[in-house]
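# Chain and residue survey
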Amino acid sequence: MKILVINCGSSSLKFQLIDSETEAVIGKGLCERIGIDGRLNFTPAGKDKIEREVAMPDHNEAIRLVIEALTDAETGVVKTLDEIDAVGHRIVHGGENFTKSVVITDEVIKAIEDVSDLAPLHNPANLIGIRACQKIMPSVPMVAVFDTAFHQTMPEEAYIYGLPIEYYNKYKIRRYGFHGTSHAFVSERVAELAGKPYDQIKSIVCHLGNGASISAVCNGKCIDTSMGLTPLEGLIMGTRSGDVDPSVINFIEQKENLTTEEAMNVLNKKSGVYGLSGDVSSDFRDLEAGYRKGDEGCKRAVDAFTYRVAKYIGSYNVALGGADVIAFTAGVGENSGFVRKLVIDRLGALGITLDEKANEVRGEEKMISTADSKIKVFVVPTNEELAIARDTAALVK
Ligand code: AMP
């Protein structure tokens, strides 16, 4: 089957066409600046990237341009739209309504709308993507794959906040967790690499990208994760603060004369390693370069980031009653041996030792701990699009 995977944001849309039998990417691309001016890039498998500026007033037009790129007589990868068997949509928040991926129906759309106030920036954009696809491909089955679904197995003690219980009862305020598709994909793959059945292994998955989260997965089920009601909680991220005392928000509102919205914008967009470095960069390539040159801000940011990751690993090791494996994934986790080493060097108390040569790996599956390390450590590239395509193919078969 040919599965079109759509990841729709408020002004961007990423897409991949995947052959579900061979799991090969047939073509992929990105629409940017939707509603502003419009930019499209498309890479047919094995060929050069095609880039163009093209008016994209709304998501309907973006989807139409995606289909046009996929079916183009010269550079396209399918002859007609009919070759697309199904569409898989990444949906950020499923609330408590969705514990797994589902075929999209009117009821599913309504349920996604119902939890939109939990992800006001993301769910409405995801819904626009669904509707735009339905308009252009009305008879093609579509599947919703939720970032939150994998974490729905967390026990109450892990997901509940220490707030008056009426807020949970009335508004469902709790930890949900995100990056679930990646945590599921990587925890399953690391079990294979470690040679253990998925339902008999305890793993800690460190998804370290621009957004970053950690999860504890026990025998195939997530038992805890670092992101919360929204993706702001947990690790220090590219520009997000991660865990802070909630009183900080009120404090900076008063001191800096900010509205709550402005203070939240600081926590989401101006904090994290970017803010800690003194606005040098949110990109770990820049931070590593600065760190090596002795830049104080870069050192501060990297040290705080790696300390927080190690702290979460320690606590999830306790939650799991002793982890068997740790996996590093996403942009930083897959590519930065520098960051991995700084994290693992902090884990001596767990009997973990790094194989420095193996840790030179970038973007490939590899065990990076020594043979006698008490917990095995792996690099496992994530592939959220493939995970979405797999779920979609399984549900529409
Ligand atoms: P993601 O959100 O998973 O796409 O990750 C993006 C982030 O990965 C970037 O902001 C960089 O911080 C980081 N990254 C990508 N490539 C490298 C690299 N070669 N070395 C260090 N960090 C990298």
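Preceding this section is the structure that the text describes.
The following paragraphs examine the structure supplied in this document. (Residues numbered from 1 in each chain as written. Predicted model: local features only at pLDDT ≥ 70, side-chain atom pairs only at ≥ 80, totals over all residues. Heavy atoms only, no water.)

## Here's the deal with the overall build of the protein chain
This is how the line gets drawn: Secondary structure is summarised from DSSP: a helix means a run of H or I of at least four residues, a strand means a run of E of at least two, and numbering begins at the N terminus for each. Based on C-alpha atoms, the radius of gyration is set beside the globule rule, defined as 2.2 Å times the residue count to the power 0.38. Residue burial is assigned from relative accessible area. The probe radius is 1.4 Å, only protein chains are included, and a residue is buried under 20% of its type maximum, exposed over 50%, and partly exposed in between. By definition in these notes, contact holds between two residues if any of their heavy atoms fall within 4.5 Å.
Within the protein chain, the secondary structure is distributed over 14 helices and 14 strands. On C-alpha atoms alone, the protein chain measures out to a radius of gyration of 21 Å, which is about the 21 Å that the 2.2 N^0.38 rule sets for 397 residues. Residues counted as buried form 50% of the 397 residues belonging to the protein chain. In the protein chain, the proportion of contacts linking residues at least 24 apart, taken out of those at least 6 apart, comes to 60%.

## Description of the packing of helix H1 (residues 59–71) against helix H3 (residues 123–136)
Inclusion rule: Note on method: axes are straight lines fitted to C-alpha atoms, helices fitted across the in-contact stretch only, with angles between N-to-C directions ranging 0 to 180 degrees. Note that the term roughly parallel is reserved for angles under 35 degrees, roughly antiparallel for angles over 145, roughly perpendicular for angles of 65 to 115, and oblique for everything else. Each crossing gets its hand from how the near helix is turned against the far one by less than a right angle, where anticlockwise is left-handed and clockwise is right-handed. Note that Gly is not counted as nonpolar here; it falls among the polar residues with everything else outside the nonpolar set of Ala, Val, Leu, Ile, Met, Phe, Trp, Tyr, Cys and Pro and the charged set of Asp, Glu, Lys and Arg.
Between H1 and H3, the least distance of the axes is 9 Å, while the angle of their chain directions is 55°. Here H1 lies oblique to H3, going by the angle between them. Relative to H3, H1 is oriented so that their crossing is right-handed. Where H1 abuts H3, its residues His59, Asn60, Ile63, Arg64 and Ile67 lie against Ile128, Gly129, Ala132, Cys133, Lys135 and Ile136. Looking at the contact of H1 with H3 residue by residue, the class counts come to six nonpolar, three polar and two charged.

## Brief notes about the packing of aromatic side chains
The way to describe two aromatic rings as a pair is by their centre distance and the angle between their planes. Counted only if it meets this: Stacked, tilted and edge-to-face are the three classes applied to pairs of Phe, Tyr and Trp rings, where Trp contributes its six-membered ring and a pair requires centres within 6.5 Å; stacked means planes under 30 degrees apart, edge-to-face means over 60, and tilted covers the rest. Note on geometry: a ring has a charge over it if NZ (lysine) or CZ (arginine) is within 6 Å of the ring centre and within 35 degrees of the ring normal.
Going through the model one piece at a time under the given rule, you end up with seven aromatic pairs. Plain terms: the ring middles of tyrosine 291 and phenylalanine 338 are 5.0 Å apart, the flat faces sit at 75° to each other, and that makes the pair edge-to-face. A residue pair is termed long-range when its members are at least 10 positions apart, and tyrosine 291 in helix H10 (residues 284–292) and phenylalanine 338 in helix H13 (residues 337–344) qualify at 47 residues. Judged by its relative accessible area of 12%, phenylalanine 338 is buried. Measuring from centroid to centroid gives 5.7 Å for tyrosine 312 and tyrosine 316, while their planes differ by 75°, and the two rings are edge-to-face. One end of the pair, tyrosine 312, and the other, tyrosine 316, are both in helix H11 (residues 296–319), four residues apart, so they sit about a helical turn from each other. As far as the burial class goes, tyrosine 312 and tyrosine 316 line up, both buried. The lysine or arginine in question, lysine 172, covers the ring of tyrosine 168, its NZ or CZ lying 4.5 Å from the ring centre.

## Remarks on helix H2 (residues 106–114)
Stated formally: Summarising the geometry, the arc corresponds to the directions from the helix axis toward the C-beta atoms.
All of the buried residues in H2 are Val108, Ile109, Ala111 and Ile112. Each buried residue of H2 lies within a common arc of 160° when the element is viewed along its axis, so the set occupies one face. Exposed residues on H2 whose side chains face more than 90 degrees from its buried face are Asp106 and Glu107. Residues of H2 that are buried sit in contact with strand S6 (86–91), strand S7 (102–103), H3 and strand S8 (142–146).

## Observations concerning the pattern of salt bridges
Here is the rule: Only one rule defines a salt bridge in this text: a Lys or Arg side-chain nitrogen within 4 Å of an Asp or Glu carboxyl oxygen.
As enumerated under the stated definition, the model contains 24 salt bridges in all. With its nearest N and O atoms 3.2 Å apart, the salt bridge here joins lysine 2 to glutamate 83. You can see lysine 2 sitting in strand S1 (residues 2–8) and its partner glutamate 83 sitting in the loop between H1 and S6, a full 81 residues away along the chain. Since its relative accessible area comes to 24%, lysine 2 is described here as partly exposed. In this structure glutamate 83 comes out as partly exposed when scored by relative accessible area, which is 25%. Across the salt bridge formed by aspartate 147 and arginine 90, the nearest N and O atoms sit 2.5 Å from each other. You can see aspartate 147 sitting in the loop between S8 and helix H4 (156–159) and its partner arginine 90 sitting in strand S6, a full 57 residues away along the chain. Grouping residues by exposure puts aspartate 147 and arginine 90 together as buried. Three or more residues are tied together by salt bridges with common partners; here these are Arg52, Glu61, Arg64 and Glu68.

## Quick look at the nonpolar core
One broad rule of soluble globular proteins: the nonpolar side chains tend to lie buried together. Short version of the rule: In these notes, a set of buried Ala, Val, Leu, Ile, Met, Phe, Trp, Tyr and Cys residues joined through side-chain atoms within 4.5 Å is what counts as a nonpolar core.
Within the largest apolar cluster, 44 residues are counted, with the highest numbers of intra-cluster contacts made by Ile204, Leu208, Ile214, Ile313 and Ile326. Those elements giving two or more residues to this core turn out to be strand S9 (202–208), strand S10 (212–218), H10, H11, strand S12 (325–329), H13 and strand S14 (376–379). Take this core: its biggest share by element is nine residues, from H11. Setting aside residues up to four positions removed in sequence, isoleucine 326 forms contacts with Ile204, Cys206, Ile313, Leu347, Ile352, Ile375, Lys376, Val377 and Phe378. Within the second largest apolar cluster, 40 residues are counted, among which are Phe15, Val108, Ala111 and Met137.

## Observations concerning the sheet that holds S9
So the rule is basically this: Think of it this way: DSSP has to see at least two bridges between two strands before they count as a pair.
As summarised here, the arrangement of the six strands in space is S11-S10-S9-S12-S14-S13, forming an open sheet in which the pairing is mixed. With one partner strand each, in any of the chains shown, strand S11 (221–225) and strand S13 (366–367) form the two edges of the open sheet. Bridge count for S9 against S12 is five bridges, and the pairing is parallel. When the sheet's bridge partners are listed, isoleucine 204 is paired in S12 with isoleucine 326.

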